Amino acid sequence: MPATPTVRIIASRPLSNSQGHDLLGYYLERSSKKISGWTGSRSQVFFAKFLRCFSPYRNLRPGRAYHLFLANWLPARGELLHFTWGDAILETTRRPNRCIFTLHQPYERWTPATWKNIEKSAGIICMAERECLLIRSRYAQVPCTFIPHGIDLDFWRPPPGPPKRQICAVGQYMRNFDMMLRVARTLLDLHPDVIFRWVVNPDFKVPRALKAKFPPARFEILQNLSAPELHRLYSESWLFCTPYDNVVASNAIVESMASGTPIFTTRVGGMSSYAGDGIITMVENNDDDALVKAVTQCLASPGLRSELSTRGRQHAEKYFGWPAVVADHEAYYTKVLSETRNASNKH
């Protein structure tokens, strides 16, 4: 390792100009970081198809397979590689010692292989504090930090007009469907002027058993929303109400907060890392009564809704804007590279 190592970002090309964690690579590149990774070019698609004929690439999506190849075979050149989607790469790479990994999955989903390579890695970035604390408790020598999910504050912003009598729910990964539908049914019975709209991914097929639990009226499921349409839904809603079973970082949470939409959810996983001082209203998982009570209080009080909206937006501006998130990464790289140089000099 040379005396002045650098960091190369391994990231996928963003699919959106305003949405998702892939934008991290774009903003880091703007701050003069080298970046490589999946662009979806014809040559990469062909090569990934070839890779997926072999273990350990076989069960990975094309972009992940390509990134794992880079982790295993890209010449060192005095660089540490930062994989912004590190979970699948961490489990299977043969060279974790030259890699920094951002982990998106809750620790309950980590395997023995995950833990083995965490210990050997050059560094770990967690997207919730509890995962970081757990790693530090086990492997104090591993440089580990918490950096939150970033958000485009110019795109996701509060609207000029008043909100509608509308509740939005967004997403399906690790959501508590049964609790959401029970709470939605109760809220719609209590508040005849309210509509409940749930956004799911385009490829999500609602199971028949779940559909049977939908409230009979004023409950809508939405798919194929563009980023502007999703922002409009958030910003026009009185509040966001989506219970989770577990979570690390969620697009829906930071998007709602930046859009000025009060958030009502469950106290699970890493949600507290984004909640600030009461900015997110959290109840225990499957405590329907507590969630119905909290949402009802907000629906009954434009003043409370306005206060939660303002405080949420201010919290997002302080901690989740891309300039703040990039600065956190830059500070972490400086720390890791300094430790790498010191270790190299000792040898």
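Just above sits the structure.
Positions within a chain are numbered from 1, following the residues in the order the chain's sequence is written. At least 70 in pLDDT is required for a residue's local features to be given in this predicted model, at least 80 for side-chain atom pairs to be given and counted, and no such filter applies to totals for whole chains, interfaces and linings, which use all residues. Excluding hydrogens and water, the side-chain values take into account all heavy atoms of the structure.

As for the overall build of the protein
Regarding its fold elements, the protein presents 14 helices and 12 strands. Radius of gyration here uses only the C-alpha atoms, and the compact-globule reference equals 2.2 Å multiplied by the residue count raised to the power 0.38. Here the C-alpha atoms of the protein give a radius of gyration of 21 Å, agreeing with the 20 Å that 2.2 N^0.38 yields for 347 residues. Projected onto its principal axes, the C-alpha coordinates of the protein cover approximately 70 × 40 × 35 Å. Any residue under 20% of the maximum accessible area for its type is buried, any over 50% is exposed, and the rest in between are partly exposed; the area is computed with a 1.4 Å probe on protein chains only. Expressed as a percentage of its 347 residues, the buried residues of the protein come to 53%. The contact definition used throughout considers only heavy atoms, calling two residues in contact when any of these lie within 4.5 Å. Restricting the contact set of the protein to residue pairs at least 6 apart, pairs at least 24 apart contribute 63%. In this description, accessible areas are obtained by the Shrake-Rupley approach with a 1.4 Å probe, and a residue is regarded as covered only by the protein chains that are shown. Looking at the protein as shown, the accessible area adds up to about 16100 Å², and 53% of this sits on carbon and sulfur atoms. Computed over 43 positive and 30 negative side-chain charges, the separation of the two mean positions in the protein equals 8 Å. Per the convention used, a helix needs a DSSP run of H or I reaching at least four residues, while a strand needs a run of E reaching at least two, with both numbered from the N terminus. His residues and chain termini do not enter the charge count, which takes Lys and Arg as positive and Asp and Glu as negative. Throughout, a charge is located at the NZ atom of Lys, the CZ atom of Arg, the CG atom of Asp or the CD atom of Glu.

Points about unusual backbone geometry
Peptide bonds are, in most cases, trans, and in most cases residues other than glycine have a negative phi. Cis peptide bonds are those with omega within 30 degrees of zero, and the linkage from Ser-55 to Pro-56 qualifies with 10°. Secondary-structure assignment places Pro-56 in the loop between helix H2 (42-51) and helix H3 (62-73). Here the phi dihedral of Asn-224 falls at roughly 60°; this positive angle occurs in a residue that is not glycine.

Quick look at the sheet that holds strand E5 (residues 123-126)
For two strands to count as paired, DSSP must find a minimum of two bridges between them. Spatially, E2-E1-E3-E4-E5-E6 is the arrangement adopted by the 6 strands of the open sheet, whose pairing is parallel. The sheet terminates laterally at strand E2 (34-36) and strand E6 (144-146), the two strands that pair on one side only. For this sheet the average axis-to-axis angle between neighbouring strands, irrespective of direction, equals 25°. In this sheet, E2 lies alongside strand E1 (residues 6-10) in parallel orientation, the contact comprising 3 bridges. Looking across to E2, one finds that Ile-10 is bridged to Ser-36. Axes here mean lines fitted to C-alpha atoms, for a helix over just the part in contact, with angles spanning 0 to 180 degrees between N-to-C directions. Of the strands in this sheet, E5 and E6 touch helix H6 (residues 129-138), which is tilted by about 165° from E6.

Here's the deal with the pairing of strand E3 (residues 79-83)
The buried fraction of E3 is high, at 5 of 5 residues. Going residue by residue along E3, you find Glu-79, Leu-81 and Phe-83 tucked away on one face and Leu-80 and His-82 tucked away on the opposite face as well. Sheet topology note: the E1/E3 ladder contains 5 bridges and is parallel. Note that in E3 the partner of Ile-9 across the bridge is His-82. Pairing between E3 and strand E4 (residues 99-103): 3 bridges, direction parallel. Residue His-82 lies in a different strand from E4, and its bridge partner there is Ile-100. Orient the strands so they point away from the viewer; a crossover is then right-handed if the path from the first strand over the helix to the second runs clockwise. One crossover worth recording links E3 to the parallel E4 by way of helix H4 (residues 87-92), and it is right-handed.

Concerning the pattern of salt bridges
Salt bridges are defined as contacts in which a side-chain nitrogen from Lys or Arg sits within 4 Å of a carboxyl oxygen from Asp or Glu. Across all of its chains, the model carries 13 salt bridges by this definition. In this structure, Arg-130 and Glu-131 form a salt bridge, with 3.0 Å as the shortest nitrogen-oxygen distance. On the basis of relative accessibility, which here comes to 1%, the residue Glu-131 falls in the buried class.

A word on the packing of H2 against H3
Two elements in contact, H2 and H3, have axes separated by 9 Å at closest approach and are oriented at 80°. The orientation of H2 relative to H3 falls into the category roughly perpendicular. When H2 is examined against H3, the residues Gln-44, Phe-47, Ala-48 and Leu-51 are found in contact with a partner set consisting of Pro-62, Ala-65, Tyr-66 and Phe-69. The residue classification treats Ala, Val, Leu, Ile, Met, Phe, Trp, Tyr, Cys and Pro as nonpolar and Asp, Glu, Lys and Arg as charged. All others, Gly included, are polar. For the contact of H2 with H3, a count of residues per class yields 7 nonpolar, 1 polar and no charged. Small angles under 35 degrees read as roughly parallel and large ones over 145 as roughly antiparallel, with 65 to 115 read as roughly perpendicular and the rest as oblique.

What to know about the packing of aromatic side chains
Two rings from Phe, Tyr or Trp (for Trp, the six-membered ring) form a pair when their centres sit within 6.5 Å of each other. Planes less than 30 degrees apart are called stacked, planes more than 60 degrees apart edge-to-face, and all others tilted. Throughout the structure, instances matching the rule amount to 22 aromatic pairs. Seen from their ring centres, Phe-47 and Phe-69 are 4.9 Å apart, and the 80° between their planes marks the pair as edge-to-face. Taken together, the residues span a long stretch of sequence, with Phe-47 in helix H2 and Phe-69 in helix H3 at a distance of 22 residues. In this structure Phe-47 comes out as partly exposed when scored by relative accessible area, which is 26%. Here Phe-146 and Tyr-274 contribute two aromatic rings whose centre-to-centre distance is 6.3 Å and whose plane-to-plane angle is 85°, an arrangement assigned as edge-to-face. Of the two residues, Phe-146 sits in strand E6 while Tyr-274 sits in helix H11 (residues 272-275), which places them 128 residues apart along the sequence.

Here we look at the environment of Gly-161
With respect to the helices and strands, the residue Gly-161 is situated in the loop between E6 and strand E7 (166-170). Given the relative accessible area of 37%, Gly-161 is considered partly exposed. Taking C-alpha positions, Gly-161 is 31 Å from Asn-176, a pair spaced 15 residues apart along the chain.

Let's talk about the sheet that holds E7
An order of E9-E8-E7-E10-E11-E12 is seen for the 6 strands of this open sheet, with the pairing classed as parallel. One side of each edge strand has no neighbouring strand; the edge strands of this open sheet are strand E9 (219-222) and strand E12 (280-283). Within the sheet, the average angular offset between the axes of one strand and its neighbour, ignoring direction, is 25°. Against the sheet, helix H9 (residues 227-236) makes contact with E7, strand E8 (195-199), E9 and strand E10 (239-241), and its axis sits at roughly 135° relative to E7, the strand it touches most.

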